[in-house]
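Below are the chains, spelled out letter by letter.
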Amino acid sequence: MSLTVGQYVVIGEDVMFGSNVVIGNNVVIYDGTEIGNNVIIQDNAVIGKQPTRAKASILPEVKTLPAAKIGSGVTVGTSAIVYANAVIGDDVFIADLATVRERVTVGEKTIVGRGVAIENDCVVGKNCKLETNCYITAYSELGDYVFVAPCVVTTNDNYMARGKERFDKFKGVTVKDGGRIGANSTILPGKVIYEDGTVAAGSIVSRDVEKEFLVVGSPAKKLRKVPEEQLLRNQE
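This section reports on the structure supplied with the text. Owing to the predicted nature of the structure, the values given are computational and were not obtained by experimental measurement.

Rules used throughout
- Residues numbered from 1 in each chain as written.
- Predicted model: local features only at pLDDT ≥ 70, side-chain atom pairs only at ≥ 80, totals over all residues.
- Heavy atoms only, no water.
- Pairing = 2+ DSSP bridges.
- Helix = DSSP H or I, 4+ residues; strand = E, 2+ residues; numbered from the N terminus.
- Phe/Tyr/Trp six-rings, centres within 6.5 Å; stacked < 30°, edge-to-face > 60°.
- Lys NZ or Arg CZ within 6 Å of the ring centre and 35° of its normal.
- Polar contact = N/O pair within 3.5 Å; in protein donor to acceptor, adjacent residues only side chain to side chain.
- Core = buried A, V, L, I, M, F, W, Y, C linked by side-chain atoms within 4.5 Å.
- Buried < 20%, exposed > 50% of the residue type's maximum accessible area, 1.4 Å probe, protein only.
- Contact = heavy atoms within 4.5 Å.

So, on to the sheet that holds strand S13 (residues 93-94). Strand order in the open sheet made by the 12 strands is S1-S4-S7-S10-S13-S16-S19-S22-S25-S28-S30-S31, with mixed pairing throughout. With partners counted over all chains shown, the strands left at the sheet margins are strand S1 (3-5) and strand S31 (221-225), one partner each. One ladder, built from two bridges, connects strand S4 (residues 21-23) with strand S7 (residues 40-41); its direction is parallel. By the bridge assignment for S7, isoleucine 23 is matched with isoleucine 41.

This is how it looks when you write it as structure tokens:
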């Protein structure tokens, strides 16, 4: 095992390292974390952090979650945070200042861009690209080869934090394989973007997006079919 460790690093108990792991300065790795081969963890990153619950939070209290698992070939950028019970697939790139919350899985070769937040209880598929400062709300599911442009916002609360009836009705967004969302778009709670569905930049999605169709506007409306050469099945 080859392990390179920077200055002022804190490594908890029973942390498991693969070979050729490089850890920068001021990194914190919590108890039981599993780290694969050829992993780079850059300065000030935090791996395996247990969540803390606000007093007013409606989420159930959890005492201790299982440890985080980091696959082989992963890079975790400067000041990124990966929470406990997150599972990061092989060859994932997590950029600076990104946050991956508890009970999240990220599939292999996905890019999590700078400042991206993936909230709790999400599934992100393989070969996705989540660009700078996009927000993936809790309870969302993204398939494979999904593209989310900068500053996209997804939401999960139709009641906007008012009324007790909302407590069992939180629902994130679903983006099927090959779905694409343009910059600064907003996706409302529970909406589904079907395979190769595409959302133009700046749109507000208030209804499901049909397979292989482009929607545009506020509220977003169907414009036309996605060109054949852009469909996932026609990519090399």
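And the narrative resumes.
The next point concerns the packing of aromatic side chains. Inspection of every chain in the model, using the stated rule, returns zero aromatic pairs. Positioned over the ring face of tyrosine 83 is arginine 101, at 5.2 Å from the centre of the ring. Above the plane of the ring of phenylalanine 213 lies lysine 222, whose end atom (NZ or CZ) is 4.5 Å from the centre.

All right, on to the side chain of asparagine 156 then. Following the sequence through the fold, asparagine 156 ends up in the loop between strand S23 (153-154) and strand S24 (174-175). Of note is the side chain of asparagine 156, whose polar atom sits 3.0 Å from the side chain of threonine 137.

A separate point is the nonpolar core. In terms of nonpolar packing, the biggest core is built from 49 residues, with Ile94 and Ile118 touching the most fellow members. Among all residues touching isoleucine 118, those that are not within four sequence positions of it are Thr99, Val100, Arg101, Val104, Val106, Val112, Val124, Leu130 and Ile136.

Glancing now at unusual backbone geometry. The linkage connecting serine 218 with the following residue, proline 219, adopts the cis geometry, with an omega of 0 degrees. Locating proline 219 in the fold gives a position in the loop between strand S30 (213-216) and S31. Unusually for a residue other than glycine, asparagine 184 sits at a positive phi of about 65 degrees. With respect to the secondary-structure elements, asparagine 184 resides in the loop between strand S25 (180-181) and strand S26 (186-187). Backbone geometry at glutamate 212 places phi at a positive 65 degrees, although glycine is not the residue there. In this fold, glutamate 212 is placed in the loop between strand S29 (204-205) and S30.

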